[in-house]
Amino acid sequence: MADQKPVVAITGAGDGIGWATARAFARNGYRVALLDIDADSVSARARELGAEHADICCDVSKEVEVRAAFRKIADRLGNLDALVNNAGIVSPHLPTSEQTVESFERLLGVHLSGTFLCSREAHAQMAVRQVGSIVNISSIAGISGLPRRNAYGAAKAGIASMTRSMACEWASIGIRVNAVAPGYVATALVKKLESDGFVDTPR
């Protein structure tokens, strides 16, 4: 009989919130598919968790890579039970008048399009058994105005809205969709903001 432990996919699992989430799921008996754009980092993380877990290099903003990643999850680990959409990048702390459309679209691509693409592929697997859970990482930036962070705020607000839409659409087939909106967490991204002088942390 194949291993019947539940399976979770976590994007941006190489560090920060994603890595902490991966460890929590592993401790609670899940087989974890760790997805990250940094192949070396996510490979090391998967080895740290153990042989029953899988590392998958993936840029979540690229449709072809996301499709391939979820095929690998099914091949290596089996039926997907849960997905945590955590992958993200830091936004440039520039005045709006100095921001480029390229950086704006790149940030939306990773945060918003990435959440959409991964959720869509997870749905395709979960819908077969009519069960599953998707958790999207939004942010306080999506519900409050943070200067110079319009792209990040727009992406996170979009995630919150998309979560509500997907939750209503997929509830009837047993797929739950929720969002979490953290504040500042001491991740590598936030520590860089601090070192660049954009965030003050308590002493």
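Residues numbered from 1 in each chain as written. Predicted model: local features only at pLDDT ≥ 70, side-chain atom pairs only at ≥ 80, totals over all residues. Heavy atoms only, no water.

A. Geometry of the overall build of the protein chain. Counting its secondary structure elements, the protein chain contains six helices and six strands. Helices (α) and strands (β) of the protein chain occur, in sequence order from the N terminus, as β-α-β-α-β-α-β-α-β-α-β-α. For the protein chain, the share of sequence-separated contacts (at least 6 apart) that also reach a separation of at least 24 residues comes to 64%. With an accessible surface of roughly 10300 Å², the protein chain has 54% of that area assigned to carbon and sulfur atoms. (Helix = DSSP H or I, 4+ residues; strand = E, 2+ residues; numbered from the N terminus. Contact = heavy atoms within 4.5 Å. Areas by Shrake-Rupley, 256 points an atom, 1.4 Å probe, with all protein chains shown as cover.)

B. Highlighting the sheet that holds strand E3 (residues 54–57). Here six strands make up an open sheet; going across it, the order is E3-E2-E1-E4-E5-E6 and the pairing parallel. The strands lining the two open edges of the sheet, one partner per strand, are E3 and strand E6 (175–180). Taking the axes of each pair of neighbouring strands and ignoring which way they run, one obtains an average angle of 15° across the sheet. Pairing of strand E1 (residues 7–11) with strand E2 (residues 31–36) involves five bridges; the strand directions are parallel. In the strand pairing of E2, Val8 is matched with Val32. Against the sheet, helix H4 (residues 101–129) contacts E1, strand E4 (82–85), strand E5 (132–137) and E6, and its axis sits at roughly 180° relative to E4. (Pairing = 2+ DSSP bridges. Axes fitted to C-alpha atoms, helices over the stretch in contact; angles between N-to-C directions.)

C. Seen up close, the packing of aromatic side chains. Applying the stated rule across the entire model yields one aromatic pair. Taking the centre distance of 4.8 Å and the plane angle of 85° together, the rings of Phe25 and Tyr30 count as edge-to-face. In this structure, Arg149 is placed above the aromatic ring of Tyr152, and the distance from its NZ or CZ to the ring centre is 4.3 Å. (Phe/Tyr/Trp six-rings, centres within 6.5 Å; stacked < 30°, edge-to-face > 60°. Lys NZ or Arg CZ within 6 Å of the ring centre and 35° of its normal.)

D. Quick look at the pairing of E1. In terms of burial, E1 is a largely internal element, five of the five residues being buried. Residues Val7, Ala9 and Thr11 point to one face of E1 and Val8 and Ile10 to the other, with burial holding for every one of them. Crossover connection from E1 via helix H1 (residues 16–27) to parallel E2: handedness right-handed. Note that E1 and E4 share three bridges and pair parallel. Bridging from a neighbouring strand, Val8 pairs with Ala82 of E4. (Buried < 20%, exposed > 50% of the residue type's maximum accessible area, 1.4 Å probe, protein only. Right-handed = clockwise from strand over helix to strand, strands pointing away.)

E. Up close: the side chain of His93. Within the secondary structure, His93 is located in the loop between E4 and H4. At a separation of 3.2 Å, a polar atom in the side chain of His93 contacts the main-chain carbonyl oxygen of Ser91. (Polar contact = N/O pair within 3.5 Å; in protein donor to acceptor, adjacent residues only side chain to side chain.)

F. Spatial organisation of the pairing of E4. Side chains Ala82 and Val84 project from E4 onto one buried face, and the interleaved Leu83 and Asn85 project onto a second face that is buried too. Direction of pairing for E4 relative to E5: parallel, over a ladder of four bridges. Residue Leu83 lies in a different strand from E5, and its bridge partner there is Ile134. Each parallel crossover has a hand, and for E4 linked through H4 to E5 it is right-handed.

G. Representation of helix H5 (residues 150–170). An ideal rise of 1.5 Å per residue puts 30 Å on 21 residues; H5 measures up with 30 Å between its terminal C-alpha atoms. The set of residues buried in H5 consists of Ala151, Tyr152, Gly153, Ala155, Lys156, Ile159, Ala160, Met162, Thr163, Met166 and Trp170. Summarising the contacts, the buried residues of H5 are in contact with H4, E5 and E6. (Expected span 1.5 Å × (residues − 1).)

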